[in-house]
Amino acid sequence: MSRRKQAAEEPEETTPGPSRAAGGCVLAALVLGLGAALFAALGNLAVLAVWAAGALALWRTVRRPTKIENHSPPPPRDPSRNTNTQFTVVEDRPGHCTVVWQKERP
């Protein structure tokens, strides 16, 4: 019982986890460093590599199907379809039933 009281009274110390902003900064620094090294080593060939990577990214974006099919609003309701359909089962002779359908406007 005393351990439960101690655990409830003293919150556990937690160390802060790595932030997403720090990870993004590290990734950006790596990409910029790699790009600088590529441009320093290859010169004009590095420019062509960047253009090729951009063209590939653009081509993949255009070829990928969109997830949202239609952005337009739905068409207006047809007033002729705004009816309630009701039916009645009528036994006109013994052992024989007829269904009578009626459309009512609200």
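As the structure is a computational prediction, the values presented were derived from the model and not from experiment.

The rules behind each value
Residues numbered from 1 in each chain as written. Predicted model: local features only at pLDDT ≥ 70, side-chain atom pairs only at ≥ 80, totals over all residues. Heavy atoms only, no water. Helix = DSSP H or I, 4+ residues; strand = E, 2+ residues; numbered from the N terminus. Buried < 20%, exposed > 50% of the residue type's maximum accessible area, 1.4 Å probe, protein only. Patch = residues over 30% accessible without salt bridge, like charges linked within 9 Å, V, L, I, M, F, W, Y side chains within 5 Å. Areas by Shrake-Rupley, 256 points an atom, 1.4 Å probe, with all protein chains shown as cover. Salt bridge = Lys/Arg side-chain N within 4 Å of Asp/Glu carboxyl O. pLDDT = per-residue confidence, 0-100. Axes fitted to C-alpha atoms, helices over the stretch in contact; angles between N-to-C directions. Parallel < 35°, antiparallel > 145°, perpendicular 65-115°, else oblique. Contact = heavy atoms within 4.5 Å. Nonpolar A, V, L, I, M, F, W, Y, C, P; charged D, E, K, R; others polar. Expected span 1.5 Å × (residues − 1).

**Here we look at the overall build of the chain**
When helices and strands are tallied, the chain shows 3 helices and 2 strands. Going residue by residue from the N terminus, the α and β elements of the chain occur as α-α-α-β-β. Residue burial in the chain is summarised as follows: out of 106 residues, 1% are buried.

**Focus: a nonpolar patch on the surface**
A cluster of nonpolar residues, Leu38, Leu42, Leu45 and Leu48, forms a patch on the protein surface that exposes about 370 Å² of accessible area. Elements represented by at least two residues in the nonpolar patch include exactly helix H2 (20–42) and helix H3 (44–63). Turning to its location among the elements, Leu42 is positioned in helix H2.

**Structural notes on the confidence of the model for the chain**
Here the chain shows a mean pLDDT of 78. Residues at 70 or above account for 75%. Per-element confidence in the chain ranges from a low mean pLDDT of 56 for helix H1 (residues 2–9) to a high of 88 for H3.

**Digging into the packing of H2 against H3**
Where H2 meets H3, the closest approach of the two axes is 6 Å, and the angle between their N-to-C directions is 135°. Viewed along their axes, H2 and H3 adopt a mutual orientation that is oblique. For the pair H2 and H3, contact is made by Leu38, Phe39 and Leu42 and by Asn44, Leu45, Ala46, Val47 and Val50, respectively. When its residues are assigned to classes, the contact of H2 with H3 shows 7 nonpolar, 1 polar and no charged.

**Quick word on H2**
Relative to the 33 Å expected for 23 residues at 1.5 Å per residue, H2 spans 33 Å between its end C-alpha atoms, a close match to the ideal helical length. Where H2 ends, the next residue or the one after it, Gly43, has phi of about 70°, a positive value.

**Points about the environment of Phe87**
If you trace the backbone, Phe87 turns up in strand E1 (residues 84–93). In sequence terms Phe87 and Lys103 are 16 residues apart; their C-alpha atoms lie 8.6 Å from each other. Those residues in contact with Phe87, other than ones at most four positions away along the chain, are Val99, Val100 and Trp101.

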